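Fold and contact review
Each chain, written out:
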Amino acid sequence: MWFICAIITTLIWGLAELFYKKGANPDEKYSHLKICICVGFVMTIHAIYVLLTQNIDYNFINIIKYFPVSFCYIISMTFSFFGMRFIEESISDPIENTSGAITALLCFFILKQSISIVALIGVVLVIVGIVLLSLFEAKDENGRKKKIGKKLAIIAFMMPFLYAIFDASGTFLDAYYLELETSPLVGITEENIELVANTSYELTFGIVALILSLFMIIKREKLDLQHQKDKWLAAICETAGQFTYVYAMSGVAIIAAPIISSVCVVSVILSRIFLKEKLLPKQYLAIGTVILGILLLSVTDA
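Described in the following lines is the structure provided in the data block. (Residues numbered from 1 in each chain as written. Predicted model: local features only at pLDDT ≥ 70, side-chain atom pairs only at ≥ 80, totals over all residues. Heavy atoms only, no water.)

1. Structural notes on the pattern of salt bridges
Our working rule: We count a salt bridge whenever a side-chain nitrogen from Lys or Arg sits within 4 Å of a carboxyl oxygen from Asp or Glu. Strands are runs of DSSP state E lasting at least two residues, helices are runs of H or I lasting at least four, and both sets are numbered from the N terminus onward. Accessible area is worked out with a 1.4 Å probe on protein chains only. A residue is then buried under 20% of its type maximum, exposed over 50%, and partly exposed in between.
All chains considered together, the criterion is met by three salt bridges. In this structure, the salt-bridge partner of aspartate 230 is lysine 22, at a minimum N-O distance of 4.0 Å. One end of the pair, aspartate 230, is in helix α11 (residues 229–249); the other, lysine 22, is in helix α1 (residues 2–23), with 208 residues separating them in the sequence. The class for aspartate 230 is buried, based on a relative accessible area of 17%. Taking relative accessible area as the criterion, lysine 22 reaches 45% and is therefore assigned partly exposed.

2. So, unusual backbone geometry
Even without being a glycine, aspartate 57 presents a positive backbone phi close to 50°. Tracing the chain through its elements places aspartate 57 in the loop between α2 (31–53) and α3 (62–65). Here aspartate 57 falls in the exposed class, since its relative accessible area comes to 64%. Despite not being glycine, arginine 220 has its phi angle at roughly 55°, a positive value. Considering the arrangement of structural elements, one finds arginine 220 in the loop between α10 (193–218) and α11. Using a relative accessible area of 79% as the deciding quantity, one classes arginine 220 as exposed.

3. Quick word on a nonpolar patch on the surface
Filter applied, for reference: Two distance rules govern patches: like charges are joined within 9 Å, and nonpolar side chains (Val, Leu, Ile, Met, Phe, Trp, Tyr) within 5 Å, applied only to residues with over 30% relative accessible area and no salt bridge. Note that accessible areas follow from Shrake-Rupley with a 1.4 Å probe, and for residues the cover is restricted to the protein chains shown.
Among the surface-exposed residues, Leu105, Phe108, Phe109, Ile110 and Leu111 lie close enough to one another that they form a single nonpolar patch of about 480 Å² accessible area. Along the chain, leucine 105 falls in helix α6 (residues 99–109).

4. What about a negative patch on the surface?
Convention followed: When charges are counted, Lys and Arg are positive and Asp and Glu negative, with His and the chain ends excluded. A single reference atom marks each charge: NZ on Lys, CZ on Arg, CG on Asp, CD on Glu.
Residues Glu179, Glu181, Glu190 and Glu191 make up a contiguous surface patch of negative charge. Among the structural elements, glutamate 179 can be located in the loop between α9 (150–177) and α10. On the accessibility criterion, glutamate 179 (32% relative accessible area) is partly exposed.

Now the structure itself:
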């Protein structure tokens, strides 16, 4: 079941990346914050739905308990949304998704999680494919520097790397928080631990969305959220993917993390179709390497 959830998460988040990119307007100063607001509001609605329909006996202290994980995820996404305003999706997304490789290494060396030889080969192939895709997508930065300035170009290019570091940290912590024996969460059972963790994250994002909305009002910036269709669609896909993500990570995190990191494959393909970003033969080779790695992981799970 965890493997299926990992694949579903990858596909849905790949679609979310497309809408994120379409909604990231480089000329809109607080575009990245507006995306965060949309995501936070949608996640809050889903969290309230879960609390009303699922008997998970939720303790609101878990918002604080789960905050280290929530913080890593939310700050990483904010970095990503900022970078999207200025960097091509086909460049930023593969860099961001090296977080899965970082997570796998952290799980192996620190949590001492075991991994079979076949699964290890699969993880390596996924990592190699992502790295190759990132290298193949590297382009001359001069055009971007001329367009937005050298300082902003450097800051924007740093965003995917900061995303990878913080997202990997959050994913690594999730491997700890989603283990019933080690989790600091309160009132959890084997049946509700994923929903408790996800609800805590969604409620935290909702609080962040409220704070950002107040910030926008104080700055007298127009939210205009009713006309932000792409941002709302991205938020819906993000929330749906997050729901299946926690189930994926509660399985075999050391394998699930690299699978989900291959979301860049879906993102690059969709960018080619809808954003008209071109793919070279060597890029298809990198994508094929990632898919082969996923198939090996599927065989191992079976």
